[in-house]
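Observations on the model geometry
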Amino acid sequence: MARFIHLHTHSHYSLLAALPKIPDLIEAAIADGAPALALTDNGNMYGAIEFYKDCKKAGIKPILGVDFYVAPRTRADKQSGIDSRRTRLILLAKNYQGYKNLIQLVTKGYLEGFYYKPRIDRELIERYKDGLVAISSAFNGDLTLALQGNDIAKAVDIAKWYKGVFGPDYYLETTHHPDVDGSS
């Protein structure tokens, strides 16, 4: 039986959103018997090197990723009330090319797309897709929001677009949060 691996994990580098420090995450993964662990902080890779080194020392496979903020239109659009709303997309590096593409996306999110948060857009996703696995976020992903709004046609279009970009490397996230209303 395959072991469970956390592919959407936030550390204290997800500023104002998470508390666990990297050693605590690794310790929990070891206690769970997980052979690997992903780090997907909000819009950044501040902890990537520390995480990678500490996982290697602990004998756990490190998976580097980012929980990206995606602009509703383009990263250049910054209209109040419209562009401050953003969705989420988890991207994981499969290889060194994917790691380099995560760095490009984070950098461009901060330098070109920053509006309340560092944002990327579909144009950047298409440009820097190589070596990446995409996971549609269960809480604030555009697909999830379309489904919550009962807009099935929009949800299908979103899923088709991501599947067209990432092919077999596009997944839907499921989560279990019994403490959050409507999630169990």
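Basis of the calculations
Residues numbered from 1 in each chain as written. Predicted model: local features only at pLDDT ≥ 70, side-chain atom pairs only at ≥ 80, totals over all residues. Heavy atoms only, no water. Phe/Tyr/Trp six-rings, centres within 6.5 Å; stacked < 30°, edge-to-face > 60°. Buried < 20%, exposed > 50% of the residue type's maximum accessible area, 1.4 Å probe, protein only. Lys NZ or Arg CZ within 6 Å of the ring centre and 35° of its normal. Axes fitted to C-alpha atoms, helices over the stretch in contact; angles between N-to-C directions. Helix = DSSP H or I, 4+ residues; strand = E, 2+ residues; numbered from the N terminus. Left-handed = near helix turned anticlockwise from the far one by under 90°. Contact = heavy atoms within 4.5 Å. Nonpolar A, V, L, I, M, F, W, Y, C, P; charged D, E, K, R; others polar.

Brief notes about the packing of aromatic side chains
This model, assessed by the stated rule, comprises 5 aromatic pairs. Ring centres of tyrosine 110 and phenylalanine 114 lie 6.0 Å apart, and the angle between their planes is 25°; this geometry places the pair in the stacked category. Residue phenylalanine 114 is classed as partly exposed on the basis of its relative accessible area of 38%. Where tryptophan 161 meets tyrosine 162, the ring centres are 4.9 Å apart and the plane angle is 80°; that geometry is what we call edge-to-face. Residue class for tryptophan 161 comes out buried when judged on its relative accessible area of 17%. These aromatic residues form a ring-pair network of at least three members: Trp161, Tyr162 and Tyr170. Here arginine 122 stacks its cationic end above the ring of tryptophan 161, 4.2 Å away from the centre of that ring. Its end group placed over the ring of tyrosine 162, arginine 122 keeps NZ or CZ at 6.0 Å from the ring centre.

Examining the packing of helix H1 (residues 22-32) against helix H2 (residues 48-58)
As a packed pair, H1 and H2 sit with axes 10 Å apart at the nearest point and diverge in direction by 35°. At the point where H1 passes H2, the crossing takes the right-handed sense. Contact residues: Ile22, Pro23, Ile26 and Ile30 in H1; Glu50, Phe51, Asp54, Cys55 and Ala58 in H2. Partitioning the contact of H1 with H2 into residue classes produces 7 nonpolar, no polar and 2 charged.

So, the environment of alanine 134
Following the sequence through the fold, alanine 134 ends up in strand E5 (residues 132-136). Exposure remark for alanine 134: the relative accessible area of 0% places this residue in the buried category. With residues up to four places along the chain from it excluded, the contact list for alanine 134 reads Leu89, Ile90, Leu91, Phe166, Asp169, Tyr170 and Tyr171.

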